[in-house]
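# Structural description and commentary
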Amino acid sequence: MAKITYIDHEGTERAIDVGNGISLMQGAINGGIPGIVAECGGACSCATCHVYIESDWTERVGGPGDAEREMLECAIDPLSNSRLGCQVKVSDELDGLIVRTPESQF
């Protein structure tokens, strides 16, 4: 289990415990985190779980695969640290991870 902090576009921080093997998207939905729409339910086909990984964490989280990279092209305001929350699986190694949700998803 890892404590993940989600920060919305206004700077409000919400820290929740997310179980290992669960995606950042599902953890956010389970924890009532606003700004994660997840219209496709985690199928990597809508980009409504777009998050920004804090720079200190990007290497540990890793980069997107080909399908995710293509879907990120559909996201509003993608950055070099953009990921789809449905594609990032939580593990003990991500304890303390900080992600930001974009204004476009509110």
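Our subject is the structure listed above.
Described in the following lines is the structure provided in the data block. Quantities reported herein were computed from a predicted structural model and do not represent experimental measurements.

### Examining the pattern of salt bridges
Within this structure, the stated rule accounts for five salt bridges. The salt bridge involving arginine 69 is made with aspartate 66; its shortest N-O contact spans 2.9 Å. Here aspartate 66 and arginine 69 lie together in helix H3 (residues 66-72), a separation of three residues that amounts to about one turn. On the basis of relative accessibility, which here comes to 41%, the residue arginine 69 falls in the partly exposed class.

### With respect to the environment of glutamate 39
With respect to the helices, strands and loops of the structure, glutamate 39 is situated in the loop between helix H1 (24-30) and strand S3 (50-53). Look at glutamate 39 and you get exposed, because its relative accessible area is 63%. When the C-alpha atoms of glutamate 39 and cysteine 49 are compared, they prove to be 8.2 Å apart, with ten residues separating the residues in sequence.

### Here we look at the packing of aromatic side chains
Taken as a whole and assessed by the stated rule, the structure comprises zero aromatic pairs. Stacked on the ring of tryptophan 57, the Lys or Arg arginine 60 has its end atom at 4.1 Å from the ring centre.

### What about the pairing of strand S1 (residues 2-7)?
Counting buried positions along S1 yields five of six residues, so the element is predominantly enclosed. Of the strand pairs in this sheet, S1 and strand S2 (residues 13-18) are connected by six bridges, and their pairing is antiparallel. Bridged to isoleucine 7 within S2 is glutamate 13. If you look at the hairpin formed by S1 and S2, you'll find five residues sitting between the two strands, and glycine 11 has a positive phi there, around 95 degrees.

### Notes on the side chain of aspartate 8
Relative to the assigned elements, aspartate 8 resides in the loop between S1 and S2. At 3.2 Å, the side chain of aspartate 8 forms a polar contact with the side chain of arginine 14. Among residues more than four places away in sequence, those in contact with aspartate 8 are Arg14, Thr101 and Phe106.

What counts and how
- Residues numbered from 1 in each chain as written.
- Predicted model: local features only at pLDDT ≥ 70, side-chain atom pairs only at ≥ 80, totals over all residues.
- Heavy atoms only, no water.
- Salt bridge = Lys/Arg side-chain N within 4 Å of Asp/Glu carboxyl O.
- Helix = DSSP H or I, 4+ residues; strand = E, 2+ residues; numbered from the N terminus.
- Buried < 20%, exposed > 50% of the residue type's maximum accessible area, 1.4 Å probe, protein only.
- Phe/Tyr/Trp six-rings, centres within 6.5 Å; stacked < 30°, edge-to-face > 60°.
- Lys NZ or Arg CZ within 6 Å of the ring centre and 35° of its normal.
- Pairing = 2+ DSSP bridges.
- Polar contact = N/O pair within 3.5 Å; in protein donor to acceptor, adjacent residues only side chain to side chain.
- Contact = heavy atoms within 4.5 Å.

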